[in-house]
Amino acid sequence: MLHVPMWFTMFLLMGIGFVASIRQLSASQSELHDLRAEASVQVGMAFGILGLITGSLWARFTWGAWWVDDPQLNGAMVTVLVYAGYLILRATVDNKRLKARLSAVYNLFAFVILIILLMVLPRFTESLHPGKGGNPGFNSYDLDSSLRMVFYPAVIGWMLLGIWMYRVRLAAAALNQKLQQL
Amino acid sequence: MIQNSWKIGGLALLAYVISMCFLVPLGPGLLEFQDAQSAGVVAELERKVSVYRLVGLNTHWDEQPESLHVYLKHKSSLVELPVIEVNDATHANVGLVLPDTIPSKSWDVFTSHPSDGTLLLENGLFTEGFVIDKEATWPSPEVT
C-alpha cells in the first residue's frame, strides 16, 4: 500500500516534468514550464526515495537482505541518481535561460532513462522483483479482491497527494521568483 | 471548498487505506517455505530427499491433514510434493527431490486444502547450486 503507489506517483510526477520540459523547449519563453519541471522532479524525487526505502524494507523481510544485485533495484537507484543529477545541474548554472534549456534537455533524457531502466530492461533480464523477469506481478495471478479494495484507492490517494505537493511546491517557487524580481 | 474537494478526497482515500490495513483481518496465507535444517527441524530421511518446512498463517492444516496438497510451479512445470507430516494448523513438513538441472531458480509454492482453499507463496522456493536450463522439464514428462 506504500511501495508500488509511491513509484506510480513518481512516474506521474516525472511525466508532468517531461511534458513541461517539452513545452519549455518548444519555443516557449515562459519560465512557468521550467518551474513546473523543477517542482515535479523535486516532489517526484521525494516519492522515488520513499519508494527505495519502502522497497528496501520489503526486501529485508522477504529476501533477507536490504539490497540485492537485481536489475530492477539497481535501475531504480540509477534513476533516482539521474534525477538527482538534474537538480545538481540546475544548481550549477546561474543564467536563467541557459539553465531552463539545459535542464529541459537533461530532463527529457532522464525520463527516457526512467522508462528504459524501470519498465523495459527488467522485463528482459532475470529478476527477483515481482512482475519482472518472468516473475508474477498483478496479472499472472489475480490480486486478491480484499487487496484490490485497498491497493487501487492507495494508488489514487498517493497520486492526489503527490499532485497537491507538486502544486504547493510550484506555488512556492513562483512566489520566490516574484520576490526576487522585486 | 469545491475546488479543494480533490485534496480532501485524496486524504480521505489515504485515511481509508491506512485504516483498512489495520482493520481487515488477514485471511489464510503462506509465510515461509524453508529448508528444514535452517528451520531447526531434524530430518531423518533418505539422503537425496530434502525436507522443507511450510509455514502458514491462519491456516487449518490440522483439520483433515490428509487433504493438504503442496505444489511447486514454474510456468507450465507443476510438481506435487509429498506431505511428510502436518505438525499443527500452521506447520507442515514436505519432501523435495530436485534434479541436477531445473528450468528456473525460483518456484511458486501452492497449497490446496478444503478449509483454506488454494494458497500461493510467490517465489517461495529459491534454489542455488543447480544447473539452470530453461528448456529443462521437471518433473519429467513421463512422470506427469
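Above this text sits the structure in question.
The following refers to the structure shown. (Residues numbered from 1 in each chain as written. Chains lettered and ligands numbered in written order. Predicted model: local features only at pLDDT ≥ 70, side-chain atom pairs only at ≥ 80, totals over all residues.)

Some points on the overall build of chain A
The number of helices and strands found in chain A is five helices and zero strands. The linear arrangement of helices and strands in chain A, starting from the amino end, is α-α-α-α-α. Here chain A holds 182 residues, and the buried ones make up 34% of them. Counted over contacts in chain A with a minimum sequence separation of 6, partners at least 24 positions apart contribute 74%. (Helix = DSSP H or I, 4+ residues; strand = E, 2+ residues; numbered from the N terminus. Buried ≥ 20, exposed ≤ 12 C-beta atoms within 10 Å, placed from the backbone. Contact = placed C-beta atoms within 7 Å.)

Comments concerning the overall build of chain B
Secondary structure summary: chain B contains one helix and ten strands in total. Listing the helices and strands of chain B from first to last along the sequence gives α-β-β-β-β-β-β-β-β-β-β. Residues classed as buried in chain B amount to 22% of the 144 residues present. Taking contacts inside chain B between residues at least 6 apart in sequence as the whole, the part at least 24 apart equals 63%.

Describing helix α1 (residues 5-23) of chain B
All names here are of chain B. Here α1 is 19 residues long and its end C-alpha atoms lie 26 Å apart, about the 27 Å a rise of 1.5 Å per residue gives. All of the buried residues along α1 are G10, L13 and V17. All buried residues of α1 project into a common sector of 60° when viewed along the axis, lining one side. Away from its buried face, by an angle of more than 90 degrees, α1 presents the exposed residues S5, I8, A15, S19, F22 and L23. (Expected span 1.5 Å × (residues − 1). Arc of directions from axis to C-beta.)

As for the interface of chain A and chain B
The partner chain B presents 15 residues to the 15 residues of chain A that form the contact. Classifying every residue of the side of chain A that touches chain B gives twelve nonpolar, three polar and no charged. (Nonpolar A, V, L, I, M, F, W, Y, C, P; charged D, E, K, R; others polar.)

Observations concerning the pairing of strand β4 (residues 77-81) of chain B
All names here are of chain B. When strand β3 (residues 69-74) meets β4, the two strands line up antiparallel, connected through five bridges. Looking at β4, one finds that Y71 is bridged to E80. Counting the residues that bridge the hairpin from β3 to β4 gives two residues, and of these K75 lies at a positive phi of roughly 50°. (Pairing = 2+ DSSP bridges.)

Here we look at the packing of helix α2 (residues 31-62) of chain A against helix α4 (residues 96-120) of chain A
Angle between the axes and distance between the axes: these two values describe a pair of packed helices. All names here are of chain A. Two elements in contact, α2 and α4, have axes separated by 10 Å at closest approach and are oriented at 45°. Judged by the angle between their axes, α2 and α4 are oblique. Note on packing geometry: the crossing formed by α2 with α4 is left-handed. In this structure, α2 contributes E31, D34, A37 and V41 to the contact, and α4 contributes A100, S103, A104 and N107. Across the contact of α2 with α4, the residue classes tally to four nonpolar, two polar and two charged. (Axes fitted to C-alpha atoms, helices over the stretch in contact; angles between N-to-C directions. Parallel < 35°, antiparallel > 145°, perpendicular 65-115°, else oblique. Left-handed = near helix turned anticlockwise from the far one by under 90°.)

With respect to the sheet that holds strand β1 (residues 29-35) of chain B
Residues and elements named next belong to chain B. Spatially, four strands are ordered β1-β2-β6-β5 in an open sheet, and the strand pairing comes out antiparallel. Whereas interior strands pair on both sides, the edge strands pair on one side only; in this sheet they are β1 and β5 (83-86). With strand direction ignored, the average angle separating the axes of adjacent strands in the sheet is 20°. Taken together, the six bridges between strand β2 (residues 50-57) and strand β6 (residues 91-96) define a ladder with antiparallel strand orientation. Bridged to V55 within β6 is H91.

Remarks on the sheet that holds β3 of chain B
Residues and elements named next belong to chain B. The sheet built from four strands is open, its strands ordered β4-β3-β8-β9 with antiparallel pairing. Pairing within the sheet leaves two strands with one partner each, and these edge strands are β4 and β9 (117-126). Strand-to-strand, the axes of this sheet are offset by a mean angle of 25°, without reference to chain direction.

Notes on the environment of L117 of chain A
With respect to the helices and strands, the residue L117 of chain A is situated in helix α4. Taking C-alpha positions, L117 of chain A is 7.2 Å from T79 of chain A, a pair spaced 38 residues apart along the chain.

A look at the packing of helix α1 (residues 3-25) of chain A against α4 of chain A
All names here are of chain A. Axis separation between α1 and α4 bottoms out at 9 Å; the angle between their running directions is 140°. On the basis of their axis angle, the class for α1 and α4 is oblique. Handedness of the α1/α4 crossing: left-handed. In this structure, α1 contributes M14, G17, F18, S21, Q24 and L25 to the contact, and α4 contributes A100, R101, A104, V105, N107, L108, F111 and L114.

Concerning α4 of chain A
Each full turn of the α-helix corresponds to 3.6 residues, which orients residues three or four apart in the same direction. All names here are of chain A. For α4, built from 25 residues, the straight-helix expectation of 36 Å at 1.5 Å per residue is met to within 8% by its first-to-last C-alpha distance of 35 Å. Along α4, the residues that are buried comprise A100, S103, A104, N107, A110, F111, L114 and L118. Buried-residue contacts for α4 involve α1, α2 and α3 (71-92).

Comments concerning the nonpolar core
With 34 residues, the main nonpolar core has M10, L13, M14 and Y166 of chain A as its most contacted residues. Of all the elements, α1 of chain A adds the most residues to this core, at nine residues. Discounting residues that sit within four places of it in the chain, Y166 of chain A has contacts with L13, I16, A39, S40 and V43 of chain A. Grouped together as the second largest cluster of nonpolar side chains are 17 residues, L30, A92, L96 and W107 of chain B included. (Core = buried A, V, L, I, M, F, W, Y, C linked by C-beta atoms within 7 Å.)

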